[in-house]
There are 2 protein chains.
Amino acid sequence: MRAFLAAVGGLLLSSAWLALGQNTPENEFNRRRTLSFGIIIFPGWEPLDVFGPLEILFSLSATYKITLSIIAKETGPVSAGYPPHIMVPGQPPADYSYMLQPKLVATHTFRDAPALDVLLVPGGVGTMALEQANDTSIETFLRNRFESLDYLLSVCTGSALLATSGLLDGRRATTNKALWGLVTNHGENVTWVPSARWTHDGKIWTSSGVASGIDMMYAFLKHLYGETDPVLIAAMNGIEYAPHTDPDWDPFSIVHNVRTCNSLLGRGQQPS
Amino acid sequence: MRAFLAAVGGLLLSSAWLALGQNTPENEFNRRRTLSFGIIIFPGWEPLDVFGPLEILFSLSATYKITLSIIAKETGPVSAGYPPHIMVPGQPPADYSYMLQPKLVATHTFRDAPALDVLLVPGGVGTMALEQANDTSIETFLRNRFESLDYLLSVCTGSALLATSGLLDGRRATTNKALWGLVTNHGENVTWVPSARWTHDGKIWTSSGVASGIDMMYAFLKHLYGETDPVLIAAMNGIEYAPHTDPDWDPFSIVHNVRTCNSLLGRGQQPS
């Protein structure tokens, strides 16, 4: 089956480049190589931040050679449940143990993760807990790995970790619109884009909140494998997801009143 | 924080029923009770079938009392990776170990799962492997629990398991449009709806493929908590997902040519 798909892929690559029109030598290279993909998780990772993008990648892995490393401080189960953290300044850390606690298994640590081509950093309330605990292990990993990565992606409040690591300095980025003020006070000289489903600046891609990660991932994979890549199109039809393909589509910047929040209320505030 | 939200909820419940208009005493009951929610997993569960619906539930669990049991044959990590199974009749089982293998931790078994109010059955290629192995443990669990459930939900090819269990007899249901023929040859006297994002017949809800589970879950939670439930609306805006709210919206029945498949090619066939 795989040999058959590879043969079909080979035919497509050798004969249909002109027909497909928008494919580049880079797309061809990406279709042939084994892509080493990493996803960072931490206590309080947001479920769909991880599993939206991962679903498309999972489907593609039936055809394209992709490896996945799920990277955390330690290997083993890591809960999406909110860790205790301070929600209201001056108040003690709140207990969220009553919330749901699905656990995904981390396969690698920051110490033993393999060489990576693409690294995705999800968001989640856990990013706040890490910050309050002065835990900068993710930022250190990002700085150590950035040069050797082809691409660095973040979903939702994951961009706060990119910003704190310094990797967004001088770049355009976006983030969750519901927590806009809490994220955009991170980093120096970041052009935070208040209305965007996702942004793309050099090798860094950042998405808005949670579900937007699926749309960013589709746009990113078109960039990687080709605008009209038949394997990617089949994957999207297979998972029955109709992606938002306009990076400027962002009704949630209006719902969450981000422009007003940003210009009138200032940073760190949440519009009601 | 939780007490505050509960107080706000109480105010809403006592004063705003008329204003909200579409809420019922059942909605009020559901907002106050602890909802015991179960999700079945098996080797080869489809990632977004589980984590699309689960994302909304996860968000709601910050406010509403919800417990989650992730139920499998044994507790511990269960891989989404395709188990070896026969893809082409007459051929030996194919090996899919090169595919991605994210692992979710099962918290309960079919033997020790607690009493459940709602049970969700995802799909995934694993349903085919179970069938080929004559493993009917899920169907047995479904038949044993159905009477005591308030609702039974399936996503994607999960409806094949409901059909084989006999629980869809005499009911309307839908399933993945890419694998339509492979699912709809299960069950007796099932009215398989070829064009539907999801269906709802009595206490059974079934969705189309993969991503459609998010839309079904939103519709289901409106049914449970109220059409204009502010907590649910805030959750959807928080995860920045614009749901498809029309159960008849189904471009993928056209993409996958399901009507032609059904009427001209017959069951068990896959349109090209």
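Per-chain numbering applies: the sequence of each chain, read as written, is numbered from 1 onward. Labels follow written order: the first chain is A, the first ligand is 1, and so on. Only residues with pLDDT of 70 or above have their local features reported here, since the model is predicted, and side-chain atom pairs are shown and tallied only from 80 upward, although totals for entire chains, interfaces and linings are computed over all residues. To get the side-chain values, take all heavy atoms of the structure and skip hydrogens and water.

Quick notes on the relation of the copies chain B and chain A
Thinking step 1. Here the copies are superposed with least squares, the fitted atoms being C-alpha atoms of residues at a pLDDT of at least 70 in both. Least-squares fitting of chain B to chain A yields an RMSD of 0.0 Å, with the superposition described by an axial translation of 0.0 Å and a rotation of 180°. Here the copies are linked by what is in effect a two-fold axis. In terms of C-alpha distance to the rotation axis, chain B has L104 of chain B as its closest residue, with the C-alpha 2.4 Å off the axis.
Thinking step 2. Any pair of residues with heavy atoms lying within 4.5 Å of one another is described as a contacting pair. Most of the interface of chain B is mirrored in chain A, where 100% of its interface residues are also at the interface.

Some points on the pattern of salt bridges
Residue and element names in this part refer to chain A.
Thinking step 1. By definition, a salt bridge exists where a carboxyl oxygen of Asp or Glu is found within 4 Å of a side-chain nitrogen of Lys or Arg. Summed over the entire model, instances satisfying the criterion amount to 18 salt bridges over all chains.
Thinking step 2. With a closest N to O distance of 2.7 Å, D215 and R197 form a salt bridge. Highlighted residues: D215 in helix 9 (residues 212-225) and R197 in the loop between strand 9 (191-192) and strand 10 (198-201), separated in sequence by 18 residues. R197 shares its class with D215; the two are buried.
Thinking step 3. Each of R33, D117 and D150 takes part in a single network of salt bridges with overlapping partners. Segments assigned H or I by DSSP are reported as helices when at least four residues long, segments assigned E as strands when at least two residues long, and all are numbered from the N terminus. Type-normalised accessible area, obtained with a 1.4 Å probe on protein chains alone, sets the label of each residue: buried when under 20%, exposed when over 50%, and partly exposed for intermediate values.

Describing the packing of aromatic side chains
Thinking step 1. For Phe, Tyr and Trp, where Trp contributes only its six-membered ring, two rings pair if their centres lie within 6.5 Å, and the inter-plane angle classes them as stacked under 30 degrees, edge-to-face over 60, or tilted in between. Within this structure, the stated rule accounts for 23 aromatic pairs over all chains.
Thinking step 2. Aromatic side chains W205 of chain B and F220 of chain B sit 5.5 Å apart centroid to centroid with 80° between the ring planes, which places their arrangement in the edge-to-face category. In this pair, W205 of chain B is assigned in strand 11 (residues 204-207) and F220 of chain B in helix 9 (residues 212-225), connecting sequence segments 15 residues apart.
Thinking step 3. Given a relative accessible area of 0%, F220 of chain B falls into the buried group.
Thinking step 4. Here a set of aromatic residues connected by ring pairs shows up, and it is made of W45 and F51 of chain A together with W45 and F51 of chain B.
Thinking step 5. Over the aromatic face of F146 of chain A sits the side chain of K203 of chain A, whose NZ or CZ is 4.5 Å from the ring centroid. Consider the ring centre and the ring normal. A charge sits over the ring if Lys NZ or Arg CZ is within 6 Å of that centre and within 35 degrees of that normal.

Looking at the interface of chain B and chain A
Thinking step 1. Counting from both sides, the interface comprises 49 residues of chain B and, opposite them, 50 residues of chain A.
Thinking step 2. Between chain B and chain A, the buried area comes to about 4300 Å², and carbon and sulfur atoms account for 69% of it.
Thinking step 3. Buried area is understood as the total, over both parts, of accessible area removed when two parts are fitted together, assessed with a 1.4 Å probe. The largest contributions to the chain B side of the interface with chain A come from F58, L100 and E240 of chain B, which together make up 21% of the buried area.
Thinking step 4. Across the contact surface, chain B and chain A share 0 salt bridges.
Thinking step 5. Any pair of N or O atoms that falls within 3.5 Å is considered a polar contact. Within protein, one atom must be able to donate a hydrogen and the other to accept it, and sequence-neighbouring residues count only if both atoms are side-chain atoms. In this structure, the connection of chain B to chain A is made through 20 residue pairs in polar contact (both at pLDDT 80 or more).
Thinking step 6. Only helix 4 (47-60), strand 2 (66-72), strand 4 (103-106), helix 10 (230-238) and helix 11 (251-255) of chain B provide two or more residues apiece to the side of chain B that touches chain A.
Thinking step 7. The leading source of residues in the side of chain B that touches chain A is helix 4 of chain B, at 9 residues.

A look at the sheet that holds strand 6 (residues 118-121) of chain A
All names here are of chain A.
Thinking step 1. Only strands that DSSP links by at least two bridges are regarded as paired with each other. A sheet is described by the order of its strands in space; here 7 strands give the open sequence 5-2-1-6-7-11-10, paired in mixed fashion. Whereas interior strands pair on both sides, the edge strands pair on one side only; in this sheet they are strand 5 (108-109) and strand 10.
Thinking step 2. Both strand 1 (residues 35-40) and strand 6 contribute to a ladder of 3 bridges, which runs parallel. Bridged to I39 within strand 6 is L120.
Thinking step 3. Relative to strand 11 (residues 204-207), helix 9 is tilted by about 155°, and along the sheet it contacts strand 1, strand 2 (66-72), strand 6, strand 7 (151-154), strand 10 and strand 11. Every axis in this analysis is a line fitted to C-alpha atoms, fitted for helices over the stretch in contact. Angles between the N-to-C directions lie between 0 and 180 degrees.

Brief notes about the side chain of R31 of chain B
Residues and elements named next belong to chain B.
Thinking step 1. You can see R31 is positioned in helix 3 (residues 25-32).
Thinking step 2. Classification of R31 by relative accessible area gives buried; the value is 9%.
Thinking step 3. A distance of 3.1 Å separates a polar atom in the side chain of R31 from the backbone oxygen of Y225.

Re the side chain of T109 of chain B
Thinking step 1. Residue position: T109 of chain B is located in strand 5 (residues 108-109).
Thinking step 2. Not counting chain neighbours up to four residues away, the residues in contact with T109 of chain B comprise I71, A72, K73, E74 and T75 of chain B.

Here we look at unusual backbone geometry
All names here are of chain B.
Thinking step 1. Its identity as a non-glycine residue notwithstanding, N189 has a phi of 60°, on the positive side.
Thinking step 2. Mapped onto the elements, N189 comes out in the loop between helix 8 (180-184) and strand 9 (191-192).
Thinking step 3. Even without a glycine there, the phi angle at N257 is positive, about 55°.
Thinking step 4. Checked against the element boundaries, N257 lands in the loop between helix 11 and helix 12 (258-265).

Topic: the pairing of strand 6 of chain A
All names here are of chain A.
Thinking step 1. The two faces of strand 6 match: V118 and L120 on one face and L119 and V121 on the other face are all buried.
Thinking step 2. For strand 6 and strand 7, the ladder comprises 4 bridges, and the chain directions are parallel. In the sheet register, V118 faces strand 7, and the bridge partner there is Y151.

Functional significance is not addressed by these values, which are geometric in nature.
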